[in-house]
Amino acid sequence: MEIEIQGGVKPRELEAKDQKWVYDSSVDHKGNVPLRASTGAWKASLFIIAIEFSERLSYFGIATSLILYLTKVIHEDLKTAAKSVNYWAGVTTLMPLFGGFIADAYIGRFSTVFASTIIYLLGLVLLTLSWFVPSLKPCDSSEICQEPRKIHEIVFFVAIYMISVGTGGHKPALESFGADQFDDENPKERKQKMSYFNWWNFGLCCGLLLGVTLIVYLQDHASWGVADIALTVVMAVSLVIFIIGRPVYRYRKPTGSPLTPMLQVLVAAIRKRNVTYPSNPTLELYEVPKSEKSQSRPLCHTKKFKFLDKAAILENSDEKQNPWRLATVTEVEEMKLLLNMIPIWLATLPFGVCISQASTFFIKQGATTNRKIFNGFELPPASIYALAAIGMIVSVTMYEKLLVPILRRITGNERGINILQRIGIGMFFSIATMVVAALVEKKRLDAVANHNLMSVFWLAPQFVIVGFGDGFALVGLQEYFYDQVPDSMRSLGIAFYLSVIGAANFLSSLLITLVDHFTKKNGKSWFGKDLNTSRLDKFYWLLAAITTMNLLFYVLLARRYSYKNIQKVAVADCYEGDHGDNSASSMA
């Protein structure tokens, strides 16, 4: 296109040129500025959502049946098996902190996904071998072992923890890589990104649904080994799909450790602790022009954590050469963003503890019920988890297609409601889940006392409600941590979301240990050798009480929260927008 310059560039021609190319610091697979029409957006993110579908099928095919494998094959008791599952789930969801850091700082998101998928695949191969190689099998006979070989236990745990390591790189890098395919400065793509997290979770739930039905059916009616072969093939196919999509992806180059600028802000602020705070921070705090920035968009100055503002006070021009003595307003505000997140992260942990019960005690409850459906077909215990996936699919679809358009008109917010409100609604559903679970478990214990078996369908409400809650809270947490972290920490942002679930699993194990200790001390433990000698209903009531008190604390935090605001001018204060995310500038 030939652009005439006569006293300036024609506005329409300049706008057309800007729309043709993507100027958001991303590059195409050849390292050039991406062409909007042939890269990114839905054409790229659909590849990535398809890969997430495959990975979640593999993950939940293992995770939902893990407690059954540990009790039936490894012969751990209920309490030990529940803690083993929580430890594994905790490691699996905390490893992304390391994987996200590597992706953001050193090798980039595409390379991290590729390398972690290889590790994941090797873990699945080892898992398959532990069932078929004679010397690694649980025992010589085809019958259930009374006590499995020690070598089988070792190889089994090595394999599933290799899968944890693979997930550690795969999860944070893949989800943030998908969100990177949308240009924040383009209104159309910005709205598409808001839908991306909903459809990401739709694909995730579809994978989960197949994992807890088809894969669990193979485990129950064929063998664990046959199911492992299926998972290995699915993961190999997902790797091929990921490579095929390479030409249409948009890439972000790693910019070094995102934690170094945060440390520099802290050091500079401590060094200048005795410097007088400026009377007019808008004019006196240091910032570089937007044109000199790389991947981070300039942020507005805010009034919180004024101590850190001193890092951006320019005392003399020589300081500009030393980042350990002078930080920009944007770097200071990025530090504030992380500090703002800490209370929210802590307040979401009880929610994570509640949902962790779905993959442990809820599944084990299913194994003690009457699971016959029709013509003698018996539903595998882990397949009841499919109802949670269905609940989440319905929840996400209703929110995206029905609630968001209505709420946009009512609130004027592009998202419909702000992110923390969405998370809060999901936390309320988690309380309802625990209340229903407690009532159902008491009914199951009464049935056992009368020598009856309760139908598995009595468990349906608690699974559906937890799925509905996940559709609000989990999707909201993903969007929150991706949106509110500094631009250079997007993979770590997804890792922070996953770390909520990981830390909650460890907290759940700790809570089980403490409750077991104190209840045993005062009579009979709430956790017996099996479910029929346990009092899970009391444990669920305890979780409901803890989560209710925590929700009140969370509401107070959410009402005072300051969302990320992007500068639209050279240096700006954004005090008016500190308590909402309904402006276009706050959308990431």
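Quick look at the structure, then. Nothing here was measured: the structure is a model prediction, and the numbers come from that model.

## Things to note about empty space enclosed by the protein
In the structure shown here, the tally under the stated rule is five cavities of 30 Å³ or more. Estimates place the volume of the largest cavity at around 500 Å³. Looking at the largest cavity, it is lined by 31 residues, and the ones nearest its centre are Arg-56, Tyr-59, Phe-60, Tyr-385 and Ile-501. Sorting the residues of the lining of the largest cavity by element identifies helix H2 (41-63), helix H4 (78-107), helix H6 (150-179), helix H7 (187-221), helix H13 (349-356), helix H15 (386-411), helix H17 (460-484) and helix H18 (490-521) as the ones contributing at least two each.

## Notes on the pattern of salt bridges
In total, this model carries 14 salt bridges according to the counting rule given. Between Lys-520 and Asp-516 there is a salt bridge, with the nearest N and O atoms lying 3.7 Å from each other. Taken together, the residues span about one helical turn, with Lys-520 and Asp-516 both in helix H18 at a distance of four residues. Take Lys-520: its relative accessible area is 48%, and that puts it in the partly exposed class. Here the salt bridges do not stand alone but share partners, grouping Arg-36, Asp-183, Glu-189 and Arg-250 into one network.

## A few points about the packing of aromatic side chains
Here the distance between the centres and the angle between the planes together describe a pair of aromatic rings. All told, the structure shown has 38 aromatic pairs when counted by the stated rule. Between Phe-101 and Tyr-106, the aromatic rings sit 5.8 Å apart at their centres with planes inclined by 75 degrees, giving edge-to-face as the arrangement. For the ring pair Tyr-399 and Phe-472, a centre distance of 5.7 Å and an interplane angle of 75 degrees mean the geometry is edge-to-face. On the criterion of sequence distance, the pair formed by Tyr-399 in helix H15 and Phe-472 in helix H17 is long-range, its members being 73 residues apart. Comparing Tyr-399 with Phe-472, the two get one shared label, buried. Taken together through their ring pairs, the aromatic side chains of Tyr-59, Phe-60, Trp-88, Phe-362, Tyr-385, Phe-463 and Tyr-540 make up a single cluster. A cation over a ring is seen here: Arg-56 above Tyr-59, with NZ or CZ 4.2 Å from the ring centre. Directly above the aromatic system of Trp-458 lies the positively charged group of Lys-443, at a separation of 4.5 Å from the ring centroid.

## Some words on the packing of H13 against H18
Where H13 contacts H18, the two axes come as close as 8 Å, and the packing angle between them is 70 degrees. In terms of orientation, H13 and H18 fall into the roughly perpendicular class. Between H13 and H18 lies a crossing whose hand is right-handed. Along the contact surface, H13 presents Leu-349, Gly-352, Val-353, Ile-355 and Ser-356, while H18 presents Val-500, Ile-501, Ala-503, Ala-504, Asn-505, Leu-507 and Ser-508. Classifying every residue of the contact of H13 with H18 by side-chain character gives eight nonpolar, four polar and no charged.

## As for the nonpolar core
Of all hydrophobic cores here, the largest spans 145 residues; its most connected members are Tyr-249, Phe-361, Tyr-385, Tyr-480, Phe-539 and Tyr-540. If one sorts the elements of this core by residue count, H18 sits on top with 13 residues. Among all residues touching Phe-539, those that are not within four sequence positions of it are Gln-357, Phe-361, Leu-511, Ile-512, Val-515, Trp-526 and Phe-527. Judged by nonpolar contacts, the second largest core, of five residues, contains Tyr-399, Val-404, Leu-407 and Ile-417.

Each value, and the rule that gives it
- Residues numbered from 1 in each chain as written.
- Predicted model: local features only at pLDDT ≥ 70, side-chain atom pairs only at ≥ 80, totals over all residues.
- Heavy atoms only, no water.
- 1 Å grid on protein atoms, 1.4 Å probe; cavity = no way out; pocket = protein on both sides within 12 Å on 5 of 7 lines; lining within 4 Å.
- Points joined across faces, edges and corners; volume = space filled by probe spheres on them.
- Helix = DSSP H or I, 4+ residues; strand = E, 2+ residues; numbered from the N terminus.
- Salt bridge = Lys/Arg side-chain N within 4 Å of Asp/Glu carboxyl O.
- Buried < 20%, exposed > 50% of the residue type's maximum accessible area, 1.4 Å probe, protein only.
- Phe/Tyr/Trp six-rings, centres within 6.5 Å; stacked < 30°, edge-to-face > 60°.
- Lys NZ or Arg CZ within 6 Å of the ring centre and 35° of its normal.
- Axes fitted to C-alpha atoms, helices over the stretch in contact; angles between N-to-C directions.
- Parallel < 35°, antiparallel > 145°, perpendicular 65-115°, else oblique.
- Left-handed = near helix turned anticlockwise from the far one by under 90°.
- Contact = heavy atoms within 4.5 Å.
- Nonpolar A, V, L, I, M, F, W, Y, C, P; charged D, E, K, R; others polar.
- Core = buried A, V, L, I, M, F, W, Y, C linked by side-chain atoms within 4.5 Å.

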